[in-house]
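The lines below spell out each chain.
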Amino acid sequence: MKAMLLIVVPLAGAVLAMLWPDKRTRPWLLPAVGLVHTVLSIWLLLAPPEVEAGAWLAFDPLARAVLPAVSLLFLLCAAYAVPYLAVRTERPNRVFVALLLTILGLLSAGHQSRHLGLLWIAIEAVTLAAVPLLHFNGTARAFEATWKYLLVGGTGIALSLLGSFCLGYASLHGGGGGDLTFSALTAQGAGLSRPWVLAAWVLLLAGYGTKMGLAPMHTWKPDAYGEASGTVGALLAGGVTTVAFTAILRIRAVISAAGEGAAADRSLLAIGLFSMMVAALFLLGTRDFKRMLAYSSVEHMGILSIGAALGGAGAWAALFHVWGNSLTKGALFMSAGNLRRSAGAHTLDEVRGMSSVMPWSSGIFLTGMFVVTALPPFGPFFSELGVVRAAFGAGRWGVATLFLGCLVFAFFGLTRVVFGVVDGRPRPAARAGARRFPETAALVVPQLLLLACALWLGVSTPEVLREAWSTAVAQLYPTP
Amino acid sequence: MSDSHGTLNLLVGLAMGLNLVALGSSRLPALIAAVSVQGMVLGVMPLVMESHFAWLVTLVALGTVAGKGILIPHLLRRAMRAARIDREVEPFVGFVPSLLLGAAGTIAAVALAQALPLLQEHAGTLLVSGAGASVLTGFILLIGRAKAISQVCGYLILENGIYLFGLLLIKSTPLLVEAGILLDLTVGIFVIGIIVDRIQRAFDSLDTRKLTVLRE
């Protein structure tokens, strides 16, 4: 019941936002719904409900391991969105607020989907709901980014539907009765038709991989993240990508039960390493600090994919990394939004010396950068360490070396851009911009809280989370 | 049984032929017409597959003909008129290379379909080959055409390929999946339509080659 409320409450909130007459008070619906959602998901985390075997939607161990991170990220994004929309009064916010809430509801549905078709519908709907959010700013550049997002994302979503059909046919061919829940598919296991299973895996990995932003299907990401507002970028990078990742984890479990787990892991490993390499190369070249965040996101999706390929220990680290990455990306995107708004620009050619103009946002941006590049004792350090240890544990020395090499290059790229933005003498335009959009506490505190959460994750990872990740891994990787 | 397969295969063959027509069209109205006819052909297929009358199948068929065959092409034509775009398709990949690629893709799809095992009742249908060929054609149009409307047509042909494959599962998958697909398709195109409209206002053209500000 509470699990269903996670979906129903945000969707009801979205309807309410469409009907809400007053533009000034409407954004408060975001933190209100976010708070209810967070309380519900933490309650469910602490007291997990019984899951019926054949249920299509349930707060199962995988949802429990990931969804609370999304709730927490949404709550803090929502807290930031209220003052953000208050300074952006020239844009209408009815659709913006309603769609943010819709996305939260659909993400909850996607994470809890235990049915192949339902999962696809949820992810498709999230993709479409994000479209108007991307051109919130209404500029020509935003339209361009939206068009590319829709074309690439739409193609990815189409491929994943074709893959779902192939998996459905694999079940039908193996004598299945048309039950497409993941538990039924896993139970059918070796009975699934092998050629169809492989075809399904290729298409689903390409499709949901596009949604995650794994290279070479990442091309929509720099444009979309570069043009989206901070809140939207944070939710895309920390929320939407994770639902695609849990989709891939659920499907991998089916493929593995069908006896093709080794092939699936090889492809996850290859695509993950390729994403990290592409991201590291582009990070060394980019001069735009919002596009930089997109490449950093590609890199971290690569880390998740590598973790998922390295068996139980790697998957555990990947689930840990989902938390660290989501929370830190939130802080980075929102502080980058603050900097971008005051500077009026987003490339190294036009932005510098922001630390003397906007000390708090610059500090958060700098700290966030160190957190995503695995500075101890923050969460991502321990999760990435977990991936490396899993690689060594599996005897994959080459993988571990490449992984660490990519991290080093990414670190060079990120520090180059971030110090360029923060350091130096600010331009006069940035000073004027900072007077026009002052750095109020409300625009800074959410990011500080996100960084505090990332620190807490690293310093003393709550026992309940460790247990939740282990239970999820036990569900997905039955033979460690 | 074999008789119904004969009719079905004729229709799939027709759809595959329309793929090539779409690849060879140099004018937007011709391209939209090819997509529209293909949508109608696809809509008739479920009726041919079913030997006796069934409500659900009839509904799917009617919905497909109305959506893919009439409504979406109508929206595309309206967008084209409203934006006053000229009718040339403007390919990145020329028409002859596109056709050759499409033909090669069709042959590859037929070969691939041989490698995948089919159930007894589906053996002898061309659905898998048709699906593969349409998906590849859709990709060629998506990548090889400059204008937004021709890219949308490419996306539609890609979706048509997926629909062809979905026909294999029409009896076994629950109603929800079917309904969700139709709904999502309509909404997706609707949104694309709005975007096309917005792009037109922002750029005074529907030429995606002008969408080149954002790059490294």
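Residues numbered from 1 in each chain as written. Chains lettered and ligands numbered in written order. Predicted model: local features only at pLDDT ≥ 70, side-chain atom pairs only at ≥ 80, totals over all residues.

A. Seen up close, the overall build of chain B. Per the secondary structure count, chain B includes seven helices and zero strands. Beginning at the N terminus, the succession of helices and strands in chain B can be written as α-α-α-α-α-α-α. Within the span of chain B, comprising 216 residues, buried residues form 44% of the whole. Once local pairs closer than 6 in sequence are excluded, the contacts in chain B between residues at least 24 apart make up 76%. (Helix = DSSP H or I, 4+ residues; strand = E, 2+ residues; numbered from the N terminus. Buried ≥ 20, exposed ≤ 12 C-beta atoms within 10 Å, placed from the backbone. Contact = placed C-beta atoms within 7 Å.)

B. Seen up close, the overall build of chain A. When you go through chain A residue by residue, the secondary structure sums to 19 helices and zero strands. Relative to the globule expectation of 23 Å for 480 residues, the C-alpha radius of gyration of chain A, 21 Å, shows essentially globular dimensions. Dimensions along the principal axes, computed over C-alpha positions, put chain A at roughly 70 × 55 × 40 Å. Put simply, chain A has 480 residues, and 65% of those count as buried. (Rg over C-alpha atoms; globule rule 2.2 N^0.38 Å.)

C. Up close: the confidence of the model for chain B. Residues and elements named next belong to chain B. Taken as a whole, chain B shows an average pLDDT of 81; of its residues, 77% reach a score of 70 or greater. The least confident element of chain B, judged by mean pLDDT, is helix H7 (residues 175-203) at 58; the most confident is helix H5 (residues 127-144) at 93. Scored by ipTM, the complex comes to 0.89, with pTM at 0.93. (pLDDT = per-residue confidence, 0-100.)

D. Quick look at the packing of helix H3 (residues 55-82) of chain B against helix H6 (residues 148-166) of chain B. Residue and element names in this part refer to chain B. At a minimum axis separation of 11 Å, H3 and H6 run at an interaxial angle of 170 degrees. Considering their axes alone, H3 and H6 lie roughly antiparallel with respect to each other. Between H3, through Lys68, Ile72, Leu76, Ala79 and Met80, and H6, the contact on the second element is made entirely by Ile149, Val152, Leu156 and Asn160. Residues belonging to the contact of H3 with H6 are distributed by class as follows: seven nonpolar, one polar and one charged. (Axes fitted to C-alpha atoms, helices over the stretch in contact; angles between N-to-C directions. Parallel < 35°, antiparallel > 145°, perpendicular 65-115°, else oblique. Nonpolar A, V, L, I, M, F, W, Y, C, P; charged D, E, K, R; others polar.)

E. Structural context of the packing of helix H2 (residues 29-46) of chain A against helix H3 (residues 61-87) of chain A. Residues and elements named next belong to chain A. Contact geometry for H2 and H3: axes closest at 8 Å, N-to-C directions at 160 degrees. When the interaxial angle is binned, H2 and H3 end up roughly antiparallel. Read as a crossing pair, H2 and H3 show a hand that is left-handed. For the pair formed by H2 and H3, the contact residues are Leu30, Pro31, Gly34, Leu35, His37, Thr38, Ser41, Ile42, Leu44 and Leu45 on the first element and Arg64, Leu67, Pro68, Ser71, Leu72, Phe74, Leu75, Ala78, Ala79, Ala81 and Val82 on the second. Split by residue class, the contact of H2 with H3 holds 15 nonpolar, five polar and one charged. (Left-handed = near helix turned anticlockwise from the far one by under 90°.)

F. Highlighting unusual backbone geometry. For the peptide bond that leads from A:Ala215 to A:Pro216, omega is 5 degrees, which places it in the cis range. For A:Pro216, the location among the structural elements is in the loop between helix H8 (194-212) and helix H9 (220-227). Note that the residue after A:Pro376, namely A:Pro377, is joined by a cis bond; omega there is 5 degrees. One non-glycine residue, A:Ala374, adopts positive backbone phi at about 65 degrees. Position of A:Ala374 among the secondary structure elements: in the loop between helix H14 (359-372) and helix H15 (379-393). The class of A:Ala374 is buried, set by 21 C-beta atoms lying within 10 Å. Positive phi, normally seen in glycine, also occurs at B:Glu90, with a value near 55 degrees.

G. Representation of the environment of B:Gly154. Residue and element names in this part refer to chain B. Tracing the chain through its elements places glycine 154 in helix H6. With 25 C-beta atoms packed within 10 Å, glycine 154 lands in the buried category. Separated by 109 residues in sequence, glycine 154 and methionine 45 place their C-alpha atoms 21 Å apart. Glycine 154 has contacts with Gly138, Leu141, Leu142 and Arg145, leaving out every residue within four places of it along the chain.

H. Looking closely at helix H18 (residues 445-459) of chain A. Residue and element names in this part refer to chain A. Over its 15 residues, H18 extends 21 Å from the first C-alpha to the last, a length consistent with the 21 Å expected when each residue adds 1.5 Å. Those residues of H18 that fall on the buried side of the exposure criterion are Pro446, Gln447, Leu450, Leu451, Cys453, Ala454, Leu457 and Gly458. Buried residues in H18, looked at end-on, bunch into an arc of 150 degrees, giving them a common side. Every exposed residue of H18 that faces more than 90 degrees away from the buried side is listed here: Ala452 and Val459. Residues of H18 that are buried in the fold lie against H3, helix H12 (311-343), H14 and H15. (Expected span 1.5 Å × (residues − 1). Arc of directions from axis to C-beta.)

I. Representation of the environment of A:Gly189. Residues and elements named next belong to chain A. Topologically, glycine 189 is positioned in the loop between helix H7 (182-188) and H8. For glycine 189, a count of 13 C-beta atoms within 10 Å puts it in the partly exposed group. Glycine 189 sits 64 residues away from alanine 253 along the chain, and the two C-alpha atoms are 9.7 Å apart. Ignoring sequence-local partners within four residues, the contact set of glycine 189 consists of Ala257 and Ala258.

J. Examining H3(A) more closely. Helix length check: H3(A), at 27 residues, gives a terminal C-alpha distance of 40 Å against a target of 39 Å (1.5 Å per residue), a fit within 8%. Along H3(A), the sharpest kink reaches roughly 30 degrees, centred on A:Leu67 and followed within four residues by the proline A:Pro68. (Bend = angle between axes of the 7 residues up to and from the residue.)

K. Just the environment of A:Val15, in detail. Residue and element names in this part refer to chain A. You can see valine 15 is positioned in helix H1 (residues 2-19). Judged by local crowding, valine 15 falls into the exposed class, with 12 C-beta atoms found within 10 Å. Spatially, the C-alpha atoms of valine 15 and leucine 99 are 9.5 Å apart, while their sequence positions differ by 84 residues.

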